[in-house]
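Each chain, letter by letter, is given below.
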Amino acid sequence: MKAIYFFLFSLCLQAATAQPLQRVAPEQVGMDSRKLMYADEAIETAISNKDIPGAVLAVVRNGKMAYLKAYGNKRIYPNVEPMTANTIFDMASVSYTHLTLPTSDLV
């Protein structure tokens, strides 16, 4: 139980001391911006196929933000609201893996 409290405390401490990432061109961190267009196409295809309403793609390399783009809508019912790069997503059941993996290492 102490391990869980320590993990939650360290997670809160990390969030409280987080620094904003420096925005750079993809080429400045050794990436090809033309290859990022494949991710653009994949996300836009998923939106047009109505698989997802929207998404935010952030690519970070070497501690620098190389790419950030919002696609589609964050809400489609009862009214349409476009996605922004600052949209906060609900983690829901995805957060279980963040707790179970560190806890399983202790067992």
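In the block above lies the structure referred to throughout.
Keep in mind the model is a prediction, meaning the values are calculated, not measured.

This part covers the overall build of the chain. Helix and strand counts for the chain stand at three helices and four strands. Going from N to C terminus, the chain has its helices and strands arranged as α-β-α-β-β-β-α. Burial analysis of the chain (107 residues in total) assigns 16% to the buried set. Looking at the chain alone, contacts between residues at least 24 apart form 45% of all its contacts between residues at least 6 apart. Of the roughly 8500 Å² of accessible surface on the chain, a fraction of 61% belongs to carbon and sulfur atoms.

This part covers the nonpolar core. Among soluble globular proteins, nonpolar side chains are generally buried collectively. Judged by nonpolar contacts, Leu-36, Ile-43, Ala-55, Leu-57, Val-59, Tyr-67 and Tyr-71 together constitute the single largest core of seven residues. At the level of secondary structure, the elements contributing two or more residues to this core comprise α2 (33–48), β2 (54–61) and β3 (64–75). Not counting the four nearest positions on each side in its chain, Val-59 is found in contact with Met-31, Leu-36, Lys-64, Met-65, Ala-66 and Tyr-67.

Let's shift gears to the pairing of β3. Bridging between strand β1 (residues 22–23) and β3 involves two bridges; their strand directions are parallel. Looking at β3, one finds that Gln-22 is bridged to Lys-64. Between the antiparallel neighbours β2 and β3 lie two residues, among them Asn-62 with a positive phi of about 55°.

What follows deals with a nonpolar patch on the surface. A cluster of nonpolar side chains, namely Ile-76, Tyr-77 and Val-80, defines an oily patch on the protein surface of about 390 Å² accessible area. Mapped onto the elements, Val-80 comes out in the loop between β3 and β4 (81–82).

Moving on, we come to unusual backbone geometry. That bond from Tyr-77 to Pro-78 is cis: its omega, 5°, falls within 30 degrees of zero. Secondary-structure assignment places Pro-78 in the loop between β3 and β4. A positive phi angle is found at Lys-50, which is not glycine, with a value near 60°. Non-glycine residue Asn-62 carries a positive phi angle of around 55°. Along the chain, the position of Asn-62 falls in the loop between β2 and β3.

Overall, the coordinates contain five salt bridges when judged by the stated rule. Asp-32 is the salt-bridge partner of Arg-34, the closest N and O atoms lying 3.4 Å from each other. A residue is classified by how much of its surface remains accessible, and Arg-34, at 64% relative accessible area, is exposed. By relative accessible area, Asp-32 is classed as partly exposed at 26%. It is possible to trace a salt-bridge network through shared partners that takes in Asp-40, Glu-44 and Lys-69.

About the thresholds
- Residues numbered from 1 in each chain as written.
- Predicted model: local features only at pLDDT ≥ 70, side-chain atom pairs only at ≥ 80, totals over all residues.
- Heavy atoms only, no water.
- Helix = DSSP H or I, 4+ residues; strand = E, 2+ residues; numbered from the N terminus.
- Buried < 20%, exposed > 50% of the residue type's maximum accessible area, 1.4 Å probe, protein only.
- Contact = heavy atoms within 4.5 Å.
- Areas by Shrake-Rupley, 256 points an atom, 1.4 Å probe, with all protein chains shown as cover.
- Core = buried A, V, L, I, M, F, W, Y, C linked by side-chain atoms within 4.5 Å.
- Pairing = 2+ DSSP bridges.
- Patch = residues over 30% accessible without salt bridge, like charges linked within 9 Å, V, L, I, M, F, W, Y side chains within 5 Å.
- Salt bridge = Lys/Arg side-chain N within 4 Å of Asp/Glu carboxyl O.

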